[in-house]
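Residues per chain are reported as follows:
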Amino acid sequence: MTRKQRRLYFVILGMLALGAATALVLTAVGDGMVYFYTPRDLQTKHISPDRRVRIGGLVKQGSVVRDGKTVHFVITDLTAELKTTYTGVLPDLFREGQGVVAEGKVDRNGVFQASEVLAKHDEKYMPKDVAEALKKSGHWQGETPQK
Amino acid sequence: MHRFANPARFLRLASAILPWSSALSALLISAGLYFALFHSPADYQQGETVRIMYVHVPSAWLAMACYSTMALSSAVALIWKHPLADLIAKAASPIGASFTFLCLVSGSLWGRPMWGTWWAWDARLTSMLILFFLYLGHMALINAFDDPSRGAKAAAILALTGFVNIPIIKFSVDWWNTLHQPASVSKFGMPSIDPAMLLPLLLMALGFTCFFVTMLLIRVRTEIIASKLRAIRMTQIHTAHVAVPVTE
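Residues numbered from 1 in each chain as written. Chains lettered and ligands numbered in written order. Predicted model: local features only at pLDDT ≥ 70, side-chain atom pairs only at ≥ 80, totals over all residues. Heavy atoms only, no water.

Asks: Please provide a residue-by-residue account of the overall build of chain A, values included.
Replies: Each helix and strand counted, chain A has three helices and six strands in total. Seen in sequence order, chain A has helices and strands lined up from the N terminus as α-α-β-β-β-β-β-β-α. In terms of overall dimensions, chain A is more spread out than a globule: its C-alpha atoms have a radius of gyration of 22 Å, far above the 15 Å expected for 147 residues. On the principal axes, the C-alpha backbone points of chain A span a range of 75 × 45 × 25 Å. By residue count, 39% of the 147 residues in chain A fall in the buried class. Of the contacts made within chain A by residues no fewer than 6 positions apart, 48% connect residues no fewer than 24 positions apart. Here chain A holds 22 positive side-chain charges and 16 negative ones, and the gap between their average locations is 9 Å. (Helix = DSSP H or I, 4+ residues; strand = E, 2+ residues; numbered from the N terminus. Rg over C-alpha atoms; globule rule 2.2 N^0.38 Å. Buried < 20%, exposed > 50% of the residue type's maximum accessible area, 1.4 Å probe, protein only. Contact = heavy atoms within 4.5 Å. Lys, Arg positive; Asp, Glu negative; His and termini not counted. Charge placed at Lys NZ, Arg CZ, Asp CG, Glu CD.)

Asks: Before we move on, could you go through the pattern of salt bridges and cite the residues and values that matter?
Replies: All names here are of chain A. What the rule picks out here adds up to six salt bridges over all chains. Across the salt bridge formed by Arg52 and Glu103, the nearest N and O atoms sit 3.4 Å from each other. One end of the pair, Arg52, is in the loop between α2 (39-44) and β1 (53-59); the other, Glu103, is in strand β5 (residues 99-106), with 51 residues separating them in the sequence. Taking relative accessible area as the criterion, Glu103 reaches 19% and is therefore assigned buried. Of the charged contacts in the structure, one is a salt bridge between Glu103 and Arg54, with a shortest N-O distance of 3.5 Å. Of this pair, Glu103 sits in strand β5 while Arg54 sits in strand β1, and the two are 49 residues apart along the sequence. A residue is classified by how much of its surface remains accessible, and Arg54, at 24% relative accessible area, is partly exposed. A single salt-bridge network, built from bridges that share partners, covers Arg52, Arg54 and Glu103. (Salt bridge = Lys/Arg side-chain N within 4 Å of Asp/Glu carboxyl O.)

Asks: Tell me about the confidence of the model for chain B, residues and numbers included.
Replies: Residues and elements named next belong to chain B. Of all residues in chain B, 94% have pLDDT values of 70 or greater, and the mean over the chain is 90. Within chain B, the element-level pLDDT minimum falls on helix α1 (residues 2-5), averaging 60, and the maximum on helix α5 (residues 123-142), averaging 96. Listed scores for the predicted complex are pTM 0.89 and ipTM 0.83. (pLDDT = per-residue confidence, 0-100.)

Asks: Can you break down the interface of chain A and chain B residue by residue, with the values?
Replies: With 37 residues of chain A at the interface, the matching set in chain B holds 42 residues. For the pair chain A and chain B, the summed buried surface comes to about 3500 Å²; carbon and sulfur atoms form 63% of the total. Considering only the surface of chain A that becomes buried against chain B, Tyr35, Glu123 and Tyr125 of chain A emerge as the three largest contributors, covering 22% of it. At the surface where chain A touches chain B, the tally comes to zero salt bridges. Among the elements that make up the side of chain A that touches chain B, the one with the highest residue count is helix α1 (residues 3-29) of chain A (nine residues). Grouping the constituent residues of the side of chain A that touches chain B by class yields 22 nonpolar, six polar and nine charged. (Buried area = accessible area lost by both parts, 1.4 Å probe. Nonpolar A, V, L, I, M, F, W, Y, C, P; charged D, E, K, R; others polar.)

Asks: Quick one: what's the story with the packing of helix α3 (residues 53-80) of chain B against helix α6 (residues 148-162) of chain B, residue by residue and with numbers?
Replies: Working note: a packed helix pair is described by the angle between its axes plus the distance between those axes. Residue and element names in this part refer to chain B. Interhelical geometry of α3 versus α6 gives an angle of 130 degrees and a closest axis separation of 8 Å. Taken together, the axes of α3 and α6 lie oblique to each other. Handedness of the crossing formed by α3 with α6: left-handed. Along its contact with α3, which presents Tyr67, Met70, Ala71, Ser74, Ala75 and Leu78, the element α6 presents Lys153, Ala156, Ile157, Leu158, Ala159, Leu160 and Gly162. (Axes fitted to C-alpha atoms, helices over the stretch in contact; angles between N-to-C directions. Parallel < 35°, antiparallel > 145°, perpendicular 65-115°, else oblique. Left-handed = near helix turned anticlockwise from the far one by under 90°.)

Asks: Tell me what's going on with the packing of aromatic side chains, and back it up with residues and numbers.
Replies: This model, assessed by the stated rule, comprises 11 aromatic pairs over all chains. Seen in terms of ring centroids, Trp110 of chain B and Trp115 of chain B are 5.5 Å apart; in terms of plane orientation they differ by 90 degrees. Their pairing is edge-to-face. Counting every residue linked through ring pairs, the aromatic cluster contains Tyr34, Phe35 and Phe38 of chain B. Taking the ring centre of Tyr35 of chain A as reference, the NZ or CZ of Arg54 of chain A above it sits at 4.0 Å. Note that Lys170 of chain B overlies the ring of Phe171 of chain B, its terminal NZ or CZ placed 5.6 Å from the centroid. (Phe/Tyr/Trp six-rings, centres within 6.5 Å; stacked < 30°, edge-to-face > 60°. Lys NZ or Arg CZ within 6 Å of the ring centre and 35° of its normal.)

Asks: Hey, could you go over the packing of α3 of chain B against helix α4 (residues 83-114) of chain B for me, with residue numbers and the actual values?
Replies: Residues and elements named next belong to chain B. Relative to each other, α3 and α4 sit at 160 degrees, their axes nearing to 8 Å. In terms of orientation, α3 and α4 fall into the roughly antiparallel class. Crossing of α3 over α4 shows left-handed handedness.

Asks: Residue-level account of the side chain of Asp194 of chain B, with values.
Replies: Structurally, Asp194 of chain B can be placed in the loop between α7 (165-175) and α8 (195-247). There is no salt bridge for the buried Asp194 of chain B, and the closest opposite charge comes from Arg51 of chain B, which lies 11 Å off by N-O distance. Asp194 of chain B has contacts with Tyr125, Met126, Pro127 and Val130 of chain A, leaving out every residue within four places of it along the chain.

Laid out in structure tokens, this is it:
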């Protein structure tokens, strides 16, 4: 084996070991890398009620009720729902049927008291007229929950 | 590969490519900017803010492509000891750092009105920030030794180690819940972006790629000339030392 070959195998082996180590670390960290939980996770993963968490999902259609500066709405992942209350300024993209990530705690009545609300944008980019045409023709494939 | 590793041949090749690549990048970026700013529709959700994407996404792509170039040439430098490969890695890191910085800043400017925050510690944003630090570390390490070849070797190992971050950046949005949206263009199936918006994006991406090639060639050329100068100076010092006793 020449020195060049030896160095080549050394680099390949090193990269494989490094990749394996990284993969193991990432699987071990698992949920730690998650930016938010879904309402379903909140039910199934036994997250301690006094822990501050971020909950992400869609703002349920027709659930937004404004009461002065306070907003009540429901976050849904289409399998589970979470009643949420927030007081403060909402981002531009906050609207019914759109993605949202809220940070806060669940109170004793099971209502999520959000202290921060971020809008989540999806990967779809299209002009306004195209979106309207799609909605009109019934080809709209948005994740707008119809429930 | 040995054919192109010859610095003299590289210099000839670079001078042949440079006028074309610089003209092409100017052309593509101005056409891309024209479409991005004046001749493309506003988004149905984001409105005019969508135009930030035409700078943000190509810089993110190029930041990762530049790192891959750097990691590849570092591997070539470590294994085959081509002197040119070290110079390419050295030339690439400041360019990649600039693209990463542009990506982070433009993303932050987009995030404030759209998400409602300048920054979020989600997997995509954090891994991109790590990429920025990898570039800075590479630039610092390569210059941290008196002997340039030792600096190059240490930096090459850093570049290769940091390469694990590239797949993490790419797939972070699929592996974990992130605030950042998943891929629109580089995914299987149809891109979920309107053709009228895809055109300026691709023009900008091509323009940025040509710009990257241009910058890389200029910087590698400068590095070759600098190392030649160093060699000339060394021989001058050497002959001067020999000459001193004679003149005295």
